[in-house]
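Next come the chains, spelled out residue by residue.
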Amino acid sequence: MANSVFTFKQFKIEQSGCAMKVGTDGVLLGAWARGGERILDVGTGSGLIALMMAQRCPLAQIVALDIDEGAYKQAVSNIEESVFSDRVSVVHTSLQDYCKANKTELEGSFDAIVSNPPFFVNSLKSKGDSRTMARHTDTLSFAELLRWVSFLLREQGTFSCIIPSEVLKDFLSESYICGLSLMHHVAIKTVENKNAKRHLLCLVKGACEEEIYEEQVLKDAEGKPSLWYDEITKAFYLW
């Protein structure tokens, strides 16, 4: 998935100016995340998830944030070229600054928040500032992300994200501290006989009466997309 342009059924993603390219994590999240009438995409990158949410939620107004200038410009271009440009706005800012600058009007103002967040903690940093910011928690820690998510969500609003297995426990611990409850958890395996490497999480602001847990695989025994993966992505992939 490293091509300069990635073509989906209803939009195209140009990604030459963006540090983080289109990948399975982003596609999974965009295809699975809970929506609403007002949605925030934190760390939008190329604008992929924001556009997927716009396609899935035809009445939604979406705000997409990114701290990196290259990603911001790329997202603006991709969204302007799409049929969803009237419903998606891109803001060049960090989540922290966005919230602090508009604190009064933003509190409890989103039905849903989505993020493919930075997740490398205390690990070797990649070369290049843009890729480092996109992949590491230095500029947005789990605690900060979840605290502001809780602030921005309305009561019973949802936060959907995708997290690697090695940080799952810490991420969930921080979410509970911030008043978020786990509503839906999908453990993602590449193939059936492997351990889960990624986790799709849907957290709700406030209490949750029932938690749904499931395990899914991306590829079947023949190496083809699984029925589950094919079903949730068929509205997007050109296969």
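Analysis parameters
Residues numbered from 1 in each chain as written. Predicted model: local features only at pLDDT ≥ 70, side-chain atom pairs only at ≥ 80, totals over all residues. Heavy atoms only, no water. UniProt positions renumbered as here; feature names shortened; annotations may be inferred. Pairing = 2+ DSSP bridges. Helix = DSSP H or I, 4+ residues; strand = E, 2+ residues; numbered from the N terminus. Axes fitted to C-alpha atoms, helices over the stretch in contact; angles between N-to-C directions. Contact = heavy atoms within 4.5 Å. Buried < 20%, exposed > 50% of the residue type's maximum accessible area, 1.4 Å probe, protein only. Polar contact = N/O pair within 3.5 Å; in protein donor to acceptor, adjacent residues only side chain to side chain.

Per an unreviewed UniProt entry, the protein goes by tRNA1(Val) (adenine(37)-N6)-methyltransferase and derives from Hoylesella nanceiensis. The heading Subcellular location (unreviewed entry) in the UniProt record of the protein holds the text "Cytoplasm". UniProt, in its Sequence similarities (unreviewed entry) section for the protein, records the words "Belongs to the methyltransferase superfamily. tRNA (adenine-N(6)-)-methyltransferase family."

Undergrad: I keep staring at the sheet that holds strand β6 (residues 110–115) and nothing clicks. Help me out?
TA: Backbone-to-backbone hydrogen bonds join strands into a sheet, with any given pair of strands oriented parallel or antiparallel. Spatial ordering of the open sheet is given by β5-β4-β3-β6-β7-β9-β8-β10, a layout of 8 strands whose pairing is mixed. On the outer flanks of this sheet lie β5 (88–92) and β10 (212–217), each paired with one strand and no other. With direction set aside, neighbouring strand axes in the sheet form an average angle of 15°. Of the strand pairs in this sheet, strand β3 (residues 38–42) and strand β4 (residues 61–66) are connected by 5 bridges, and their pairing is parallel. Looking at β4, one finds that Ile 39 is bridged to Ile 62. Against the sheet, helix α7 (residues 142–152) engages β3, β6, β7 (153–164), β8 (180–189) and β9 (198–205), with an angle of about 150° to β7. The sheet strands contacting helix α8 (residues 168–177) are β7, β8 and β9, and the helix crosses β9 at an angle near 5°.

Undergrad: Could you clarify how one ought to interpret α7 in this entry?
TA: Side chains three or four residues apart in an α-helix point the same way, a direct result of the helix having 3.6 residues per turn. Burial analysis of α7 places 8 of its 11 residues in the buried class, the great majority of the element. For α7, the complete set of buried residues consists of Phe 142, Leu 145, Leu 146, Trp 148, Val 149, Ser 150, Phe 151 and Leu 152.

Undergrad: How do you make sense of the environment of Ser 165 when you look at a structure like this?
TA: Turning to its location among the elements, Ser 165 is positioned in the loop between β7 and α8. Taking the relative accessible area as the measure of exposure, Ser 165 reaches 29% and is therefore partly exposed. For Ser 165, the residues in contact, after removing those within four places along its chain, are Ala 196, Lys 197, Arg 198 and His 199. Side-chain polar atoms of Ser 165 contact the side chain of His 199, separated by 2.8 Å.

Undergrad: Would you mind showing me how to read the side chain of Thr 44 here?
TA: Within the secondary structure, Thr 44 is located in the loop between β3 and α2 (48–56). Not counting the four nearest positions on each side in its chain, Thr 44 is found in contact with Ala 50, Ala 64, Leu 65, Asp 66 and Ala 75.

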